[in-house]
Amino acid sequence: MRAEGSAPAVDDNRARVTQILRNLDLTDPQQRDALVALVYDELREIAQRQLRNERVDHTLQPTALVNEAYLRLFDTNANGWESRAHFYGVAARAMRQVLVDFVRKRHAATRGGEFERVTLVTDIADAGDNATDVLELHLALEKLSQQDDALARLVELRFFGGLTLDEAADALGVSRRKAAQDWGVARLWLARELGGT
């Protein structure tokens, strides 16, 4: 719960993140460190949401997920980011890939080829307490992206990036109304695809 008066601080932080991103020189470690100082807590909250309902013996921790995503965000081929929403969109993709890679490694390491599921809770279909397998969601998003890449990107931004509908609309360069309509379509498609209904 936010304390009174914290909304302006959040808005100031968002404005600072956008300003740093627009002027960021990826070769300057001090600028990268300044960005990370501003976004780390929010990235960690996103990671905690992703890992909240994992198995008790699950070994990937939020800090490790953020650190792995950080390495992918700032690799030598990284491009600049246009805005805070764009940055979190790229971070969402990086976290998604880290989670998928983690599941695949666990699968490969399991004796006898038995698949050990790593699950995440999602509100994509208002599934309540239902859990969605990370790899199943990834494969569904790959399938959706072949049919409609914009819908798949919207799900990725909302689910893996933790962006609000407004932020996702901004990242995709569409109106909030269009994003809301697409979100409804994507949720129905994924509910059918993942739920087998």
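Up top you'll find the structure we're talking about.
The model shown is predicted, which means the values in this text are computed figures rather than measured ones. Position numbers for residues count from 1 along each chain, tracking the sequence in the order it is written. The predicted nature of this model means local features are confined to residues of pLDDT at least 70 and side-chain atom pairs, given and counted, to a pLDDT of 80 or more, with totals for whole chains, interfaces and linings taken over all residues. Only hydrogens and water are set aside; all other atoms, that is, all heavy atoms of the structure, feed into the side-chain values.

A. How the structure looks around the overall build of the protein chain. Secondary structure summary: the protein chain contains eight helices and two strands in total. By residue count, 39% of the 197 residues in the protein chain fall in the buried class. Any two residues having at least one pair of non-hydrogen atoms within 4.5 Å are treated as being in contact. Here the contacts in the protein chain between residues at least 6 apart in sequence split such that 60% fall between residues at least 24 apart. Residue-level accessible areas treat just the shown protein chains as cover; the underlying method is Shrake-Rupley with a 1.4 Å probe. Here the protein chain displays about 11200 Å² of accessible surface, and carbon together with sulfur accounts for 47% of that area. The helix and strand labels rest on DSSP assignments: H or I over at least four residues marks a helix, E over at least two residues marks a strand, and numbering proceeds from the N terminus. Here the term buried applies to any residue with accessible area under 20% of the maximum for its type, exposed to any over 50%, and partly exposed to those in between, with areas from a 1.4 Å probe on protein chains only.

B. The arrangement of the packing of helix H2 (residues 29-51) against helix H3 (residues 62-73) in detail. Angles here are taken between N-to-C directions and fall from 0 to 180 degrees, while the axes themselves are lines fitted to C-alpha atoms, restricted in helices to the stretch in contact. In contact at an axis separation of 8 Å, H2 and H3 are set at 130° when each is read in the N-to-C sense. In terms of their interaxial angle, H2 and H3 are classed as oblique. The hand of the H2/H3 crossing is right-handed. Between H2 and H3, the residues in contact are Arg-32, Asp-33, Val-36, Tyr-40, Leu-43, Arg-44, Ala-47, Gln-48, Gln-50 and Leu-51 and Pro-62, Thr-63, Leu-65, Val-66, Asn-67 and Tyr-70, respectively. Split by residue class, the contact of H2 with H3 holds nine nonpolar, four polar and three charged. Comment on the angle field: the value is read as roughly parallel under 35 degrees, roughly antiparallel over 145, roughly perpendicular from 65 to 115, and oblique elsewhere. Helix crossings fall into two classes, left-handed where the near helix is turned counterclockwise from the far one by less than a right angle and right-handed where it is turned clockwise. Side-chain classes follow a simple rule in which Ala, Val, Leu, Ile, Met, Phe, Trp, Tyr, Cys and Pro form the nonpolar group, Asp, Glu, Lys and Arg form the charged group, and the remainder, Gly included, forms the polar group.

C. Seen up close, helix H6 (residues 149-159). Residues of H6 that are buried include every one of Leu-151, Ala-152, Leu-154, Val-155, Glu-156, Leu-157 and Phe-159, and no others. Between N or O atoms, a polar contact is any pair within 3.5 Å; within protein, one atom must be a potential hydrogen donor and the other a potential acceptor, and residues adjacent in sequence are included only when both atoms are from side chains. Near the N-terminus of H6, the side chain that reaches the backbone nitrogen of Ala-150, with its oxygen 3.2 Å away, is that of Asp-148.

D. Local environment of the pattern of salt bridges. Should a side-chain nitrogen of Lys or Arg be within 4 Å of a carboxyl oxygen of Asp or Glu, the pair is scored as a salt bridge. For the structure shown, the criterion picks out seven salt bridges. A salt bridge links Asp-101 to Arg-72; the shortest N-O distance between them is 2.8 Å. One end of the pair, Asp-101, is in helix H4 (residues 84-109); the other, Arg-72, is in helix H3, and 29 residues separate them in sequence. For the salt bridge of Glu-142 with Arg-96, the shortest nitrogen-to-oxygen distance reads 3.0 Å. Pair noted here: Glu-142 is in helix H5 (residues 134-147) and Arg-96 is in helix H4, with a separation of 46 residues, a long-range link.

E. Quick look at the nonpolar core. We call a set of buried residues a nonpolar core when its members are Ala, Val, Leu, Ile, Met, Phe, Trp, Tyr or Cys and they connect through side-chain atoms within 4.5 Å of each other. Counting 54 residues, the largest nonpolar core has Leu-35, Trp-81 and Phe-87 as its most contacted members. Take this core: its biggest share by element is twelve residues, from H4. Setting aside anything within four residues of it in sequence, one finds Phe-87 in contact with Leu-21, Leu-35, Val-39, Leu-43, Leu-73 and Trp-81.

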